[in-house]
Amino acid sequence: MDQATVADQLKTLMRHSSRLPVDWDAVALDSRIDSLGFDSLTIMDLIYEIQQAFHIEFDPDEMTAIQTVGDLVEFLARKTG
Amino acid sequence: MIRRLRYRLEYLFARSAMALFDSLPLPFSVRVAEYGADLYFLLGGMRRRTAIDNLLQAGLASTPAEARRIARESFRHFARLVIESFASLRWLTDDSWPSHCTLDLHPDSRRLLEDPRQGLLLISGHLGNWEVAAQVLSFLKPVLGIIRPMDNPHIDALMRWRTNRPGIKVISKREAHPAALMGALKQGHILALLTDQHASRDDTVLPFFGRPAYTHTSPALLHLITRTPIIFGYCERTGPCQYTLHVEEPLVFPPTGNRQADIVRVLSTLTGRLEAAIRRHPEQYLWGHRRWKKLRPMNGHPPTPGEPVAQPAGNAK
């Protein structure tokens, strides 16, 4: 799956899990995930949705390196590629 | 300034009380604590009223007199719990624990507990002695617990120091990042969670003894995203420094893609297990806690049980 498709799908999922009114059109690849209304509970919501949508599993060791939307897109593109 | 002084005084009182109880024989300390609990029950108006009201509303007492009896015994139980837990470094050791705690483990759960690579989500409530439960389990497998830090930082540090033992790691809710919890499960640890305290208004509303209550969602989500088996268990006090650790069969709920329905399925099952255990030992439950707080209206009406409480705000654009 290419990165643009992943990014589009990911933004949709993030929009549903976030608890802040975010302007998602303005969200860029370098946007930090923790600035988009995600706390520990909503991060788990998002992980659930991502695992279901992309049919992947998160490894906790890999998760620590994911800080931005771009990191997550790259991670998902690699996992689904 | 006043708060800092109050925290210092509370710390000094707690430290002195610990030193006093440490110097006394354990049975005598327990007896003193029971008298203290009786006095607190007599004078502690709000907690006593909460406990009695909770028992009546939960249907576990049919008359105010019965509720009062159970509530008073619950206060005494809590006093015993504090004293025996604080002294447990003396009487609950790697060698001595089998003479103090009988294991009542479902065979499948026992197999998982004996597998060093198998992570487990242990779900329990403020029933029996949860400190002893964690300590006994830590002799079988490393345990990670999550606590809400106490308001008084000095007492918080004191409690952590006092309950610290090899095999148990305790972190605060603030430190409980999903990656850290998932990492512990991957390493084969037990993640021990007490799930029966009033949850935040961003959690899930579910009936607890028939009345809607905010219920912690994270145990269900952690299970659904890691597929780690859940075991429900609790440590029943059967006598002075005598316990039975009950652990029921492992539970696994495959995710269906409907997050909210999956969460409700997991949490409803766990709440049912906890209710059944409390019904067996109502006098060993912490009834003084205000679990049923007022629900925040959603769209002008109280939230329906099972409905997601937090409205996702991310779809503003």
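In the block above lies the structure referred to throughout.
Residues numbered from 1 in each chain as written. Chains lettered and ligands numbered in written order. Predicted model: local features only at pLDDT ≥ 70, side-chain atom pairs only at ≥ 80, totals over all residues. Heavy atoms only, no water.

## Digging into the overall build of chain A
Each helix and strand in chain A was counted, giving 4 helices and 0 strands. Helices and strands appear in chain A in the N-to-C order α-α-α-α. Computed over the C-alpha atoms, the radius of gyration of chain A is 11 Å, within 12% of the 12 Å expected from 2.2 N^0.38 for a compact globule of 81 residues. Viewed in the frame of its principal axes, chain A has a C-alpha envelope of about 30 × 25 × 20 Å. Taken across its 81 residues, chain A has 49% of its residues classed as buried. A fraction of 54% describes how many contacts in chain A between residues 6 or more apart in sequence connect residues 24 or more apart. (Helix = DSSP H or I, 4+ residues; strand = E, 2+ residues; numbered from the N terminus. Rg over C-alpha atoms; globule rule 2.2 N^0.38 Å. Buried < 20%, exposed > 50% of the residue type's maximum accessible area, 1.4 Å probe, protein only. Contact = heavy atoms within 4.5 Å.)

## So, unusual backbone geometry
One non-glycine residue, A:H55, adopts positive backbone phi at about 55°. Looking at the element boundaries, A:H55 is found in the loop between α2 (40–54) and α3 (60–63). Exposure remark for A:H55: the relative accessible area of 71% places this residue in the exposed category. Non-glycine residue B:R227 carries a positive phi angle of around 60°. Mapped onto the elements of the fold, B:R227 is located in the loop between α11 (218–226) and β8 (230–239).

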